[in-house]
Structure formats: structure tokens, C-alpha cells
Amino acid sequence: MPNDFPTASAVPCPAPAAREPRPAPAIAHRLRQELRGQTTARLSDGDWAQLAASIGAPEAQVRTVAAFFEEFSGTTAHGAHFPSRPDAPPRSLTTPPQLIATADDTTSAFSLLKTLATTENPAATLAGRLSAIEGLARHRIKAGRGLSSRWAEAAATPAAERFVICHTDAGNPGSWSGEWLLEHRPGLVIAGMCFAALAIGAGEGVICVDRSHLSLISRLRTATEQARAAGVLPDDFEISVFPTFGSPVGGEETALLNAIEGRVGEARSRPPEPEVAGIFGKPTVVESAEIFARLPGWLRSGRDDGQRLIGLLPPFAQPGLVEIDATVTLRQVASDAAGADGLSSIAALTVGGRFGSLAFPEKWDTPLDLETLRKARIEPANFSLSPVPQGQPFSDWARDQLNFAMSETCGRCLPCRLGPLAALGELDASGEPTHRLREILDTVAATSLCGFGRDFPRPILQWIERWRHQPAGAS
Ligand code: SF4
């Protein structure tokens, strides 16, 4: 295998004029001038490169600004990477089914809230009950910390204001669970947010809703009014809706916080974590709609068995949502999704979307349990599954992954801004998983600022690793 890692002079570099970051409003102003009202037709990669050159800003930054302002939404490729949720109702592979097959259990969630609110110290009582939930510390880890310790940190950080944010993970294709829950279980989501407000002492809650689903707002308003009428929404806790265009930077939560503050959705450096300095520098807990919807059930039963709603993406024969628990294996889910097509036409599974991992057949008996998946070197950025068909050329698949990275990167840091471009250049030149391509992606993963840049190279690197041992392809 050739060891031809590029020298500095061989790495494609934008012209000096295009490298200076510009303030977002200035870019938006120039975009308006350049596009002259032509903001409904989607622009090609060549168009974006040309626009960025004439504006004199990095292409990734120009794309990020365009994705932020609704007036330019028709020009971005964002929607092309995000298939819509199929109409079919969710299926269940777990017994007993929880969120999808049982009736909306909002009333009992509300009575639990009322009972808690009447205790002498609701926040302390809730903290005790959260830390006693069996399985919660195992199944709901984020940035290496369990849910109850993250919330405890937000509660303990001195501040006059605290925030609770509910997102739908709209930045990752196939993350349909949030959208489904806001539509079908809004009361449970609101109840979960009220528990979070009680736990950390928050005065404001924000639900992020993709602009293509603004019809959900009326359901959320009704559910909020019901919670207030039932006397469970604290008087000093307000819930509002923030419309997003997808979710900035593939759902990176610090980018979402910037967007809510009215800034361009660029990722922030960590630490500090949002629990310490989130919205406007105040302690903030950011959780998915699914976490909030499941919380009342966990508090009632004292158990978390790792149930999740997984998005099954095309080209599975039966795409849609399926509910699983931590004992269900990748093979079981894939068999259910493949239907009569079976698994013989699948070379690998993409677990966790564009930022997740590739799982080859020898790993398909791994259960969808976070800890077990990680031991098997499968890192699921979220819980969605898509098949890589047998015979899929590496170059086509990798190009699609890199184009996604190009269209979603915020452009703040150099490796993630230029890395996909350099990798695409290498791919176009060789069409193969070369050593040089691996070096470029390794560098991006090792040096990028946030999870987006650190994670999108992973599945491509896994295919390259596979190819080293089976040069005929991934299968
Ligand atoms: S890695 Fe850097 S450029 Fe990429 S999304 Fe994160 S902050 Fe933006």
C-alpha cells in the first residue's frame, strides 16, 4: 500500500482571499447581493465554491450562514441528506413495549409531578430518586457522564437563572424519534421537562422544533396548557418553542445553544459543559425529547432497561421507527427492517448515522447496549441504523459521507473545514481507500474542535481498515 501522505504543498488550499472568516451578518448581506432573490433553487457544489470565492469567505462558513437564515434555506443541500420519516407507525421489538404501544401516560406523569412537588424539598427528593434508577447510569451517558450527575452539576452551579432544552436530534439523518414523540406524546415530553426544571431549579424551557414541523407547535401549546391547568407546570417555569433548520452542525448541542442565543450555529469549545455555562452562560441541561418522554416511566418503575426508538433508514425494505431495549441485537433489528429481502444483500450496517460506526456481519450479534457496543468498537452517535448494500463501491459511499460533512460543518476550525475537501480530492484522484485518505481523516478526527469533526471520519476509517484486510471491498 503506498505511503503517500501529502506534503504541505500537495494539500489543496483555498486561495488566501477565501480564508478570512467574516462576520455572519456581512456574509448574509453579501449572499443577498450575490443571489439577487434567487434563493429557492438548490446550489451545486461548484456554485457554492464560486459564491465563497466572490464573497471572500471560507466555503463552509458561507454554507453555515445560508443554513442559519431561513431566507436561504432553499439553496442548501441540507434536505437532500435527511430522508423524511415514513408514514408507517413505529414497531416494537421489546417486551413490554413502552412509549409506542402503550397509551399516552401523561396523567400518571402529572400526578407523580404533583406528589413530588408536595415533598419538603422536591429537588433533593428528585435527585435521590434519579440516582436510584437502576440502569440509568449505564444507558444514558453523555460526554462520559450519566444523566443524574449532569443534572446535579447544573443544580449545584451558582446562577440566578437555569435552562432546560429539549432537542429532537434533527441534525442526524434518521433521528425521527423526537419528531414522533412531539407529535404523539407531547404531554410526556412536557412532563419530563417539568421534572428537569424541578431538579435543577430552571425558570425557562425551550423545545427546538425543526422548521419543517412547525405544525407541532399547536400540539405543544395544548400540552403545555394542560400541564398548567393540571397545576404541574410551576408558575415560574415558562416553555417556549425555538424553530431550527435541521439542527446546526449535526446536532452538536453547543452549536444549538449558539443558535438559540441568536448567533450562527457554530460549536463552542468545551469545557465548560452546558451544565455549567450553557445558554447566555447559565447552567443548562440539554436532552432529547426521548429522554424527557421516558423519564416519568423510569421514575415510576425505578428501572431503565435501555429502551430506545431507533430510526431505520432507506434502503432498508421497511424503514421507520422501531422500539428496542438493550438486549435486542443488531441482527434482530436489521432482520426486522430488511423484511423479506433478508440480510444477504447487506455488506455492513451503519450504526448511529453519519457520525456513528460501521458494523460488519461478525458484529451483528452485539446487543444495542451502549457499553457492549463500545466494547465491540461500535460508537453509536445516535441510535439509527442503515444498510450498506453488497457491491456498493467504496468511492460512492465515502463521497456521500464527505459531501454530508461538507454541507454540515460550521467551518470554525481548519481540520473540519478543509479536511472533507482534501479527502474528496484524494478520493477523486484515486477512487480507493488509500493510505493518504486515511491519514487525512485521522488528522481531522484527532484535531477537530467538536464531536462533528471528531466523529464523521470514523465510519470511513473503519471501511478503510476493513479494506486493508480484504482489499476486494467491505463485504
Ligand atoms: S469540528 Fe470545528 S468546524 Fe467542524 S463542526 Fe465542530 S467546530 Fe465546526
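Residues numbered from 1 in each chain as written. Predicted model: local features only at pLDDT ≥ 70, side-chain atom pairs only at ≥ 80, totals over all residues. Heavy atoms only, no water.

### A word on the overall build of the chain
Counting its secondary structure elements, the chain contains 20 helices and twelve strands. Counting all 475 residues of the chain, 54% fall into the buried class. If you take every contact in the chain between residues at least 6 apart in sequence, the share linking residues at least 24 apart comes to 72%. (Helix = DSSP H or I, 4+ residues; strand = E, 2+ residues; numbered from the N terminus. Buried < 20%, exposed > 50% of the residue type's maximum accessible area, 1.4 Å probe, protein only. Contact = heavy atoms within 4.5 Å.)

### Observations regarding the pairing of strand S6 (residues 238–244)
Bridging between strand S5 (residues 204–210) and S6 involves seven bridges; their strand directions are parallel. Bridge pairing in S6 links Gly205 to Ile239. Where the polypeptide runs from S5 across helix H10 (residues 216–229) and back to S6, its parallel neighbour, the crossover connection is right-handed. (Pairing = 2+ DSSP bridges. Right-handed = clockwise from strand over helix to strand, strands pointing away.)

### As for empty space enclosed by the protein
The full count for this structure, using the stated rule, is one cavity of 30 Å³ or more. Estimates place the volume of the largest cavity at around 90 Å³. Lining the largest cavity are 13 residues, and of these Ala267, Cys410, Cys413, Cys416 and Cys450 lie nearest its centre. Its residues assigned to classes, the lining of the largest cavity shows eight nonpolar, four polar and one charged. (1 Å grid on protein atoms, 1.4 Å probe; cavity = no way out; pocket = protein on both sides within 12 Å on 5 of 7 lines; lining within 4 Å. Points joined across faces, edges and corners; volume = space filled by probe spheres on them. Nonpolar A, V, L, I, M, F, W, Y, C, P; charged D, E, K, R; others polar.)

### Digging into the sheet that holds strand S11 (residues 357–359)
Strand order in this open sheet of six strands is S1-S9-S8-S12-S10-S11, and the pairing throughout is mixed. Only two strands of the sheet have a single neighbouring strand rather than two, namely strand S1 (91–92) and S11. Contacting S1, strand S8 (308–312), strand S9 (320–324), strand S10 (346–351), S11 and strand S12 (384–389), helix H14 (residues 330–338) runs over the sheet at an angle of about 110° to S10. (Axes fitted to C-alpha atoms, helices over the stretch in contact; angles between N-to-C directions.)

### Section: the pattern of salt bridges
Throughout the structure, instances matching the rule amount to 27 salt bridges. Asp304 is the partner of Arg140 in a salt bridge, and the nearest nitrogen-oxygen pair spans 2.9 Å. With a gap of 164 residues between them, Arg140 in the loop between helix H6 (136–139) and strand S2 (141–142) and Asp304 in the loop between helix H13 (289–301) and S8 connect regions that are remote in the sequence. Each member of the pair, Arg140 as well as Asp304, is classed as buried. One salt bridge connects Asp365 with Arg331, and the closest N-O pair in it is separated by 2.9 Å. Of the two residues, Asp365 sits in the loop between S11 and helix H15 (370–375) while Arg331 sits in helix H14, which places them 34 residues apart along the sequence. By relative accessible area, Arg331 is classed as partly exposed at 30%. Salt bridges linked by common partners bring Lys142, Arg150, Glu253, Arg270, Glu273 and Glu287 together as one network. (Salt bridge = Lys/Arg side-chain N within 4 Å of Asp/Glu carboxyl O.)

### Focus on the layout of surface pockets
Of the voids in this model, the largest pocket is the one considered here, and its volume is about 1300 Å³. Along its surface, the largest pocket is lined by 50 residues, and Ile141, Lys142, Pro380, Ala381 and Asn382 are the ones closest to its centre. Secondary structure elements with two or more residues in the lining of the largest pocket: S2, helix H8 (177–184), helix H11 (248–251), strand S7 (284–288), H13, S8, H15 and helix H19 (451–455). By residue number, the principal contributor to the lining of the largest pocket is H19, which donates four residues. Grouping the constituent residues of the lining of the largest pocket by class yields 17 nonpolar, 16 polar and 17 charged.

### Things to note about H13
Taking 1.5 Å of rise per residue, the 13 residues of H13 would be expected to cover 18 Å, and the 19 Å separating its terminal C-alpha atoms lies within 8% of that figure. Most pronounced at Leu295, the bend in H13 amounts to some 35°, and the proline Pro296 follows within four residues. Among the 13 residues that make up H13, ten are buried, leaving the element largely enclosed by the rest of the structure. The positive-phi residue at the C-terminal boundary of H13 is Gly302, with phi of around 75°. (Expected span 1.5 Å × (residues − 1). Bend = angle between axes of the 7 residues up to and from the residue.)

### Remarks on the pairing of S9
Counting buried positions over the five residues of S9 gives five, a clear majority of the element. Examined bridge by bridge, S1 and S9 share two bridges and lie parallel to one another. Pairing of Arg91 across the sheet is with Val322, part of S9. Bridge count for S8 against S9 is five bridges, and the pairing is antiparallel. Considered in S9, the bridge of Leu312 is made with Gly320.

### With respect to the packing of aromatic side chains
Applying the stated criterion across every chain, the model contains six aromatic pairs. Here Trp397 and Trp463 contribute two aromatic rings whose centre-to-centre distance is 4.8 Å and whose plane-to-plane angle is 40°, an arrangement assigned as tilted. Of this pair, Trp397 sits in helix H16 (residues 394–408) while Trp463 sits in helix H20 (residues 457–469), and the two are 66 residues apart along the sequence. For the residue pair Trp397 and Trp463, the accessibility class agrees, reading buried in each case. A network of ring pairs unites the aromatic residues Phe355, Phe404, Phe452 and Phe456 as a single cluster. Geometry around Phe360 places Arg466 over its ring, the cationic atom sitting 4.2 Å from the centre. (Phe/Tyr/Trp six-rings, centres within 6.5 Å; stacked < 30°, edge-to-face > 60°. Lys NZ or Arg CZ within 6 Å of the ring centre and 35° of its normal.)

### Describing the side chain of Gln307
By the secondary structure assignment, Gln307 is in the loop between H13 and S8. Accessibility expressed as a relative area gives 3% for Gln307, which makes it buried. Aside from chain neighbours lying at most four places away, what touches Gln307 is Thr94, Gln98, Arg140, Glu290, Arg294, Glu323, Ile324 and Asp325.

### Focus: the environment of Glu379
For Glu379, the location among the structural elements is in the loop between H15 and S12. Owing to a relative accessible area of 25%, Glu379 belongs among the partly exposed residues under this scheme. Considering only alpha carbons, one finds Glu379 and Ile279, 100 residues apart in sequence, at a separation of 28 Å. Ignoring anything within four residues of it in the chain, the contact list for Glu379 reads Val351, Phe355, Gly356, Ser357, Arg374 and Arg458. A polar atom in the side chain of Glu379 sits 2.8 Å from the side chain of Arg374. (Polar contact = N/O pair within 3.5 Å; in protein donor to acceptor, adjacent residues only side chain to side chain.)

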